[in-house]
Every structure is written in structure tokens, then in C-alpha cells.
Amino acid sequence: MEVGVDSFAAANPSGGLGETSGRDSLEELLERIEYADKVGLDVFGVGEHHRKEFLDSANVVILSAAAARTKRIRLTSAVTVLSAADPVRVFQNFATLDLISKGRAEMVVGRGSFGEAFPLFGFGFEDYDELFSEKIELLLSIRENETVNWSGKFRPSLINQSIYPRPIQDPLPIWLGVGGTPSSFVRAGVLGLPLMIAIIGGETGRFRPLVDLYKEAGERAGHSPEKLKVGVHSLGYVAETSEQAVEEYYPGYAEVFTRIGKERGWPPVTRDRFDAQNGPDGAFLIGDPEEVAAKILRHSEALGGISRFTFQMVNAGLSHEKLLHSIDLIGTRVAPLIR
């Protein structure tokens, strides 16, 4: 199983404990990616947002900067908001990243966690699914063919258009990022794309029927079981002890998710609900290295076997130093136990 970290480029990662400039925030993020490479993690992902509190609207630029400072770690989006993007530019950007990184680029495509990209680039959020269907079709056509003939509803046609540069990897890895919509799992299976499931609440085991649906759809479409990989992205944080991990993680998490909840109609975060999510079957992976490694393996078994697990931990207002230490523990203690 591959183990990695997904990060948002938070403009003020200290969670309100002091202003941090955008320049310093990005430098710290690059240091964390470089350190993740040093301690042996397999993959690092950077999200895409178009909000004041984030600096990752051009995440492939951040990943390219990281490529120049790393040697082995795979670099991916987490996610690319494909519905609101031009697939030609997406492919060109990630093909360029692949060249810079000497074959370490990937992308996870999906809707993303917020909707600001849609009006920003002139699309209706209500067209999300139709937009995504059309754009993933075009993106995969570009990946397969150097010269493309294509027509659709939301973008001008391409007639004998050659698209460059071409990546080192053939094919360039494209994962499909999903939440809990059954049709998205089926789409990933039909297309034969690896699946990255964002599980940010509830019990991880409840996704097993959807994973089975994905694999059944993929096999019916003629894809081999080996091609139908499953990854999981969850909220997590590792410290020397479980008590320390919770003490450090919970206050910032409660502040951030209560604020986001006001936008989305969620109830305020409570400690009881947090503890339930961090229990044996809950989605959170916040604890000491041994506890977290054992829980990841339980999650893998519950879902029928996963190929990749990535931690999301910048949503809790943790300092750069605490994030670095957690990355160290994940790389040197959690990942070896899992492997």
C-alpha cells in the first residue's frame, strides 16, 4: 500500500495564531513536500481552491516547484476541479509536470470540496455532472491520442489538433476522486480509472457497497481487476501519543469545520461527535503511529483492499513544525508498519 499526504495551501496555516505571508506559507508547504520525500512517503497531493484562505488555485505550479526539490515522491493534484477547467490545459500542465519531475506526475480529477471555480470560469454548478462527463471524455482522449478529433457541448470542437507536450509516463496516471455518489463510482469503473475516495466523516466501512459497485462496473466494462485500484483520503494526524494527537488536532479542526458548516448547513462540531469519528470504525485517523497504522489496515480490509492511503491534516490550524513532525512519524513509523 502506498502512503502519502494531501495538503491544501492554506494562506494562514497557523489557524489564526499569527499572520503568515503567502510567500512564507508556500515555502513551508514546499518544505513539507521535500521532507515527505526524505522520509520515504510515496505520494504528496496539493488541492485546488479559489478562495481567499487558500493559495493553491494553480496547484500544478506548486507541484512543479516541489518537483525541482524532490527525487522520488509522486506528485499529484488533490483534486483538479475538472468540471470548471479546460482539459487541454489540464493535460498540458500535468504533462509538463511529468517532464520536470522525470515521470512522477499524477492527477486526481473531481468536483472539489467547494464550488467557487464554477462561476469564476463561467460554468453553472448545476451542470456539474454533465460538464464532468464531457471533460473526462476529452481528457482521456488527449491522453490516448497525440492528435485529437472531438466535439462536445461546453467547449469548441477539436479537429485534427495535436496537443503537446507529451508526458514521460504512458499513460499519465489519472485517478477519479469521489465522495459518496454511486454514479461516480460506476463512472470510474466503466472508464477503468483508479478510484480515490474522500472519506471525511462517518464510518469508513459504509463505502464497501460503493467500492463493490465500482469493481463490478469495471469488470463488466472489460477492465482487469489489477487496473481497478482504490485509494482513500481521510482526515488524519499522528503524534507521539494518541492523547497528544487529539489535543493538538481537535481545537483547530473544531474551529475550521464549524466555520465551514455555517456555509453548508452542518451542525457545530462537538467533542463527542469528534471522538466517535476517531473511534475504531470512524473515518478519522488521529493518534499514535501504531494505532493509526492498525486502523488503516482495518479500513483496507473493510473496503476489500486499498492501494493508497493519504492523510489530510492542514485543516486543523497546526503549526509547520507539528506538521513536519507528523510527516516524520507517518514516513518512519506508520508506513513501515503498513508495508
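Our subject is the structure listed above.
The rules behind these values
Residues numbered from 1 in each chain as written. Predicted model: local features only at pLDDT ≥ 70, side-chain atom pairs only at ≥ 80, totals over all residues. Heavy atoms only, no water. Helix = DSSP H or I, 4+ residues; strand = E, 2+ residues; numbered from the N terminus. Buried < 20%, exposed > 50% of the residue type's maximum accessible area, 1.4 Å probe, protein only. Polar contact = N/O pair within 3.5 Å; in protein donor to acceptor, adjacent residues only side chain to side chain. Contact = heavy atoms within 4.5 Å. Pairing = 2+ DSSP bridges. Axes fitted to C-alpha atoms, helices over the stretch in contact; angles between N-to-C directions. Parallel < 35°, antiparallel > 145°, perpendicular 65-115°, else oblique. Left-handed = near helix turned anticlockwise from the far one by under 90°. Nonpolar A, V, L, I, M, F, W, Y, C, P; charged D, E, K, R; others polar. Salt bridge = Lys/Arg side-chain N within 4 Å of Asp/Glu carboxyl O.

Visitor: Before we move on, could you go through the side chain of Arg308 and cite the residues and values that matter?
Guide: Along the chain, the position of Arg308 falls in strand S12 (residues 308-312). A relative accessible area of 2% means that Arg308 is categorised as buried. Among the polar contacts made by the side chain of Arg308, one reaches the side chain of Glu2 at a distance of 2.8 Å. The residues contacting Arg308, other than those within four sequence positions of it, are Met1, Glu2, Val43, Arg74, Glu106, Trp175, Met196, Val230, Gly231 and Val232.

Visitor: Describe the pairing of S12, and please don't skip the residues or the numbers.
Guide: Burial runs high along S12: five of the five residues are buried. Sheet topology places strand S1 (residues 2-7) next to S12; five bridges connect them, and they run parallel. Bridging from a neighbouring strand, Asp6 pairs with Gln312 of S12. In the sheet, strand S10 (residues 230-238) pairs with S12 via five bridges, with the strands oriented parallel. The partner of Leu235 across the bridge, within S12, is Gln312.

Visitor: Summarise the packing of helix H10 (residues 289-302) against helix H11 (residues 320-338); cite the residues concerned and give the values.
Guide: As a packed pair, H10 and H11 sit with axes 9 Å apart at the nearest point and diverge in direction by 45 degrees. Put simply, H10 runs oblique to H11. Two packed elements cross with a definite hand, and for H10 against H11 that hand is right-handed. Touching Pro289, Glu290, Val292, Ala293, Ile296 and Leu297 of H10 are Leu329, Arg333, Val334, Leu337 and Ile338, all from H11. Taken together, the residues of the contact of H10 with H11 break down into nine nonpolar, no polar and two charged.

Visitor: Tell me about unusual backbone geometry, and please be specific about residues and values.
Guide: Cis geometry is adopted by the peptide bond preceding Pro165, which originates at Tyr164 and carries an omega value of 0 degrees. On the secondary structure map, Pro165 appears in the loop between strand S7 (158-162) and strand S8 (174-178). Residue Pro171 is reached from Asp170 by a cis peptide bond, and omega for that bond is 10 degrees. Here Pro171 shows up in the loop between S7 and S8.

Visitor: Explain the pattern of salt bridges to me, and be specific about the residues and the numbers.
Guide: Enumeration over the complete set of coordinates arrives at 19 salt bridges. The shortest N-O distance in the salt bridge between Glu27 and Arg69 comes to 3.2 Å. Remark: Arg69 occurs in the loop between helix H2 (59-67) and strand S3 (74-77) and Glu27 occurs in helix H1 (residues 22-38); sequence separation between them is 42 residues. With a relative accessible area of 27%, Arg69 lands in the partly exposed category. With a closest N to O distance of 2.9 Å, Arg271 and Asp275 form a salt bridge. Taken together, the positions of Arg271 and Asp275, both in helix H9 (residues 271-277) and four residues apart, correspond to about one turn of that helix. You can call Arg271 partly exposed: its relative accessible area is 39%. For Asp275, a relative accessible area of 35% puts it in the partly exposed group.

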